[in-house]
Amino acid sequence: MQLALADMSVCDAMDLEWISSYQTLLSQAKLIVLDLNVPLETAEYVIDLARKHAIDLVIIPVSSPKMAHLPRDLSGVKWLIVNLDESETFFNLTVETEADVTQLLENWLSVGVENVIITRSQESTFYGNQAGEREQFTPPFSSHVEDVTGAGDSYASGLIYGQLQGYSAKESIQLAMTNAYYTIQSPKTVRLDLTREALEKQTIELKERGII
């Protein structure tokens, strides 16, 4: 990337009137992905719609300041993929130990999220769900990094792909880690060799090598 310009005020136009005009289309979705560039009222509307129509909803926060756009009741949210800074901001807490991260995980589950992932860059990722499962995943280390741009988005897309294919939470997270692992080795934000077949094969290879 040499230059990037973004006028994010366009997202303010994605208000309640705008989003409700797509109610019919949204209510027929198999899965909805929501980021927090939209206003709080829009996020509330999408969460409520997903809950009423039993649609899987994945929320991907954009940054710590945008956590103000996330409602306090997250019942009906299937997945939340959040990093440490965003979690600290939302709960107004400072993390100093891994025990603190574990507490943050429990905090997210207490507000209704069904599955939550707390990423911490190259440190272990914390996962938990309402069924009582708790697990840590260590992201695969790559000694060759071209560009980390797109790493978070590729992680999320890998997980979403896994969920749409009916994979378990663990398998979906492994797909997410694989996609991010190969994305940071590419000079492109979206790696040019990405196909569903390639992602599946690469995930199997990393599992066989004990990397994920």
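Preceding this paragraph is the structure being described.
What you see is a predicted model, and the numbers here were worked out from it, not measured in a lab.

Draft legend 1. Spotlight on the environment of Glu-135. The topology assignment puts Glu-135 in strand 6 (residues 134-137). Spatially, the C-alpha atom of Glu-135 lies 8.3 Å from that of Thr-125, the residues being 10 residues apart in sequence. The contacts of Glu-135, once residues within four sequence positions are left out, are Thr-125, Phe-126, Tyr-127 and Lys-170.

Draft legend 2. Quick look at the packing of aromatic side chains. Scanning all chains against the criterion turns up six aromatic pairs. The interplanar angle of 70 degrees and the centroid separation of 4.7 Å between the aromatic rings of Phe-91 and Trp-108 together place this pair among those described as edge-to-face. Note that Phe-91 is positioned in helix 4 (residues 84-91) and Trp-108 in helix 5 (residues 98-110), a separation of 17 residues in sequence. The buried category is assigned to Trp-108, whose relative accessible area is 0%. It is Arg-72 that lies over the ring of Phe-90; its NZ or CZ is 3.9 Å from the centre.

Criteria and cut-off values
Residues numbered from 1 in each chain as written. Predicted model: local features only at pLDDT ≥ 70, side-chain atom pairs only at ≥ 80, totals over all residues. Heavy atoms only, no water. Helix = DSSP H or I, 4+ residues; strand = E, 2+ residues; numbered from the N terminus. Contact = heavy atoms within 4.5 Å. Phe/Tyr/Trp six-rings, centres within 6.5 Å; stacked < 30°, edge-to-face > 60°. Buried < 20%, exposed > 50% of the residue type's maximum accessible area, 1.4 Å probe, protein only. Lys NZ or Arg CZ within 6 Å of the ring centre and 35° of its normal.

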